[in-house]
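# Understanding the architecture of this molecule
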Amino acid sequence: MSRTEAPPLPEPLRVPVADSHTHLDMQDATVEEALARAAAVNVTTVVQVGCDVAGSRWAAETAAAHPAVHASVALHPNEAPRIVHGDPGGTARQGAREPGGKAALDDALAEIDALAALDHVRGVGETGLDFFRTGPEGIAAQEESFRAHIEIAKRHGKALVIHDRDAHADVLRVLADAGAPERTVFHCYSGDAEMAEICARAGYFMSFAGNMTFKNAQPLRDALAVAPTELVLVETDAPFLTPAPYRGRPNAPYLIPVTLRAMAAVKGLDEDTLAAAIYDNTARAFDF
């Protein structure tokens, strides 16, 4: 079996569900193909997430053209330090770039702010903190960008979509300090059960991805077990984090049923009940 071969379509869900976080612009299929495959298994809605200015513009345009797509716009936590300090090695898919300083970050944030005002843009993110890929020199730029996105989300009444990698305590600190928006989503939830209880008390949504199916992911399953069903979402983060047994092959929104069924087993719910709850939760989180 080729690692690049797309996994087969799973058995369709009986109840429609939404993919709360995907990157159609990074997948091999056209938007139309991706949406048709998703619809074939009853994944009827997707949230397309931007990670930089160009990707956020694309997300907004795609959502405007397709009723099944809602957009979220942002500078990814790893994008902010690249804008400020430059990226001479070209580690991102956009290639090498010169340092732009604070002025360039301010300009990029102004573009995100303008996009966030659009009606078909339902979220601001993925923003947050990522201490896995960014070293100490980039942390200040990340936090400044994160705080700016929180204000943008609140100003426009949009959901805040959080990317939190190896930065749980600092993400929670900034949210508490800045004041989280009314609707806050932890995308690809990566904390433990104790953090899930903190998020639940704060009313934060927790979105689980295909990595909750991985053998070594018991802490994620423990977190899902204690997360209130009314705060749980499902996502692909496609083309990344393809659920078992297809780990390592390309992910896409049509694989949501695989993850949802694994989640239903952890929650002790039948898949129809969980799918219905997740669709309602996603609609509440992104106000669609």
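My aim in this report is to walk through the structure given alongside it, one point at a time.

Topologically, H23 is positioned in the loop between strand 1 (17-22) and helix 1 (31-40). Since its relative accessible area comes to 2%, H23 is described here as buried. From its side chain, H23 meets the backbone oxygen of V49 in a polar contact 3.1 Å long. With residues up to four places along the chain from it excluded, the contact list for H23 reads Q48, V49, C51, E126, D237, A238, P239 and F240.

Taken N-terminus to C-terminus, the directions of helix 4 (residues 101-116) and helix 5 (residues 139-156) make an angle of 25°; their axes are 10 Å apart at the nearest point. Classified by the angle their axes make, helix 4 and helix 5 are roughly parallel. The interaxial crossing formed by helix 4 with helix 5 has right-handed handedness. Touching K102, L105, D106, L109, I112, D113 and A116 of helix 4 are A141, E144, S145, A148, H149, I152, R155 and H156, all from helix 5. Among the residues forming the contact of helix 4 with helix 5, the class breakdown is seven nonpolar, three polar and five charged.

What follows is about the side chain of Q48. Position of Q48 relative to the elements: it lies in strand 2 (residues 43-49). For Q48, the side chain forms a polar contact with the side chain of D25, separated by 2.9 Å. Setting aside anything within four residues of it in sequence, one finds Q48 in contact with T22, H23, L24, D25, W58, A59, V69, H70, A71 and S72.

Cut-offs and rules
- Residues numbered from 1 in each chain as written.
- Predicted model: local features only at pLDDT ≥ 70, side-chain atom pairs only at ≥ 80, totals over all residues.
- Heavy atoms only, no water.
- Helix = DSSP H or I, 4+ residues; strand = E, 2+ residues; numbered from the N terminus.
- Buried < 20%, exposed > 50% of the residue type's maximum accessible area, 1.4 Å probe, protein only.
- Polar contact = N/O pair within 3.5 Å; in protein donor to acceptor, adjacent residues only side chain to side chain.
- Contact = heavy atoms within 4.5 Å.
- Axes fitted to C-alpha atoms, helices over the stretch in contact; angles between N-to-C directions.
- Parallel < 35°, antiparallel > 145°, perpendicular 65-115°, else oblique.
- Left-handed = near helix turned anticlockwise from the far one by under 90°.
- Nonpolar A, V, L, I, M, F, W, Y, C, P; charged D, E, K, R; others polar.

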